[in-house]
Amino acid sequence: MPQESDQRTAGVRSATLIAALLVAALILIIGLIASQRASSPVSDGSGTDVAEESGGREEEKFDLSRRIADDPLAMGEVDAPVVLVEYADYRCPFCGVFSRETLPALVEQYVASGELRIEWRDLPVFGTESLDAAVAGRAAGEQDRFWEFNKAVFAAAPDRGHISLPREELIRIAEEVGVADITAFTADLDSEELNQAVQTDAEEAAALGATGTPLFLVNDIPISGAQPVEVFEQAIETVLAETSPQ
């Protein structure tokens, strides 16, 4: 068994190194994009240019939030000062850890107060079932059951390994969480439009250099992996301090 233990240790070290490199790459990319945009204001998606005066100069903010009103894949006020963007895969065990252990605390502490908005992005990396589950989540969202579906999938996910999500299981979960029209839900599992929406999210993540999940952006602060809730709280508080009136 020593050989198996050594292999596990090597695997953990490799995963840790990959996560660290991913964060470093994100920080570099964010810096480059901010630098490239230094000569022109950044749009926040509402038609308003975003720029902050600090020490007599403008600081450009890297912002991937969409802030779409009534977006079924988002929760929280559309104009919340902090947006947490989550890139995740339904078959990712660490995404499940975040959903079960961290997300509820952030919702209670910050979403309920109007300080935080959470926007989901699909990043299916574990094969066909991951892609199918991503489409299924959006199909549930078509009937206002996205977050219920999301929570149910992650509630059943193992701490290690990848949950099995064949089509019949996706339909069963949809029924469990109260998707009203299962016939429409089942048809939407083959929707090219929903599939393309998933691909758009994945392409956005790929442009950042993301290859694993979960990955988060708290405004322009990158966080990789299912970090303790305190890590997210610190990032959120940092942004709140920067955006609060002086």
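Residues numbered from 1 in each chain as written. Predicted model: local features only at pLDDT ≥ 70, side-chain atom pairs only at ≥ 80, totals over all residues. Heavy atoms only, no water.

A few words on the packing of helix α2 (residues 93-111) against helix α4 (residues 146-155). For the pair α2 and α4, interaxial distance at closest approach is 8 Å and the crossing angle is 110°. Classified by the angle between their axes, α2 and α4 sit roughly perpendicular to one another. The crossing of α2 and α4 is left-handed. Where α2 approaches α4, its residues Cys 95, Gly 96, Ser 99, Arg 100 and Leu 103 are matched on the opposing element by Trp 147, Asn 150, Lys 151, Phe 154 and Ala 155. Residue composition of the contact of α2 with α4, by class: 5 nonpolar, 3 polar and 2 charged. (Axes fitted to C-alpha atoms, helices over the stretch in contact; angles between N-to-C directions. Helix = DSSP H or I, 4+ residues; strand = E, 2+ residues; numbered from the N terminus. Parallel < 35°, antiparallel > 145°, perpendicular 65-115°, else oblique. Left-handed = near helix turned anticlockwise from the far one by under 90°. Contact = heavy atoms within 4.5 Å. Nonpolar A, V, L, I, M, F, W, Y, C, P; charged D, E, K, R; others polar.)

Okay, the pattern of salt bridges next. Applying the stated criterion across every chain, the model contains 12 salt bridges. The salt bridge involving Arg 91 is made with Glu 129; its shortest N-O contact spans 3.7 Å. You can see Arg 91 sitting in the loop between β6 (82-88) and α2 and its partner Glu 129 sitting in helix α3 (residues 128-141), a full 38 residues away along the chain. A salt bridge links Glu 119 to Arg 117; the shortest N-O distance between them is 3.0 Å. Grouping residues by exposure puts Glu 119 and Arg 117 together as buried. Salt bridges sharing partners connect three or more residues here, namely Arg 66, Arg 117, Glu 119, Arg 121, Asp 122, Arg 138, Asp 201 and Glu 204. (Salt bridge = Lys/Arg side-chain N within 4 Å of Asp/Glu carboxyl O. Buried < 20%, exposed > 50% of the residue type's maximum accessible area, 1.4 Å probe, protein only.)

Turning our eyes to something else, we now look at the packing of aromatic side chains. Inspection of every chain in the model, using the stated rule, returns 10 aromatic pairs. Considering the side-chain rings of Phe 146 and Trp 147, the 4.9 Å spacing of their centres and the 80° angle between planes classify their relative orientation as edge-to-face. Cluster of aromatic residues (ring-pair linked, three or more members): Tyr 90, Trp 120, Phe 146, Trp 147, Phe 149, Phe 154 and Phe 185. (Phe/Tyr/Trp six-rings, centres within 6.5 Å; stacked < 30°, edge-to-face > 60°.)

Let's shift gears to helix α7 (residues 192-207). Here α7 is 16 residues long and its end C-alpha atoms lie 22 Å apart, about the 22 Å a rise of 1.5 Å per residue gives. For α7, the full list of buried residues reads Leu 194, Val 198, Asp 201, Ala 202, Glu 204 and Ala 205. The arc that holds every buried residue of α7, seen down its axis, measures 155°, which confines them to one face. In α7, the exposed positions angled more than 90 degrees off the buried face are occupied by Glu 192, Glu 193 and Ala 207. Those residues of α7 that are buried lie in contact with β6, β7 (116-122), α3 and α6 (182-188). The distance from a side-chain oxygen at the start of α7 to the backbone nitrogen of Glu 193 is 3.3 Å, and the residue carrying that oxygen is Ser 191. Gly 209 sits one or two residues past α7 and shows a positive phi near 90°. (Expected span 1.5 Å × (residues − 1). Arc of directions from axis to C-beta. Polar contact = N/O pair within 3.5 Å; in protein donor to acceptor, adjacent residues only side chain to side chain.)

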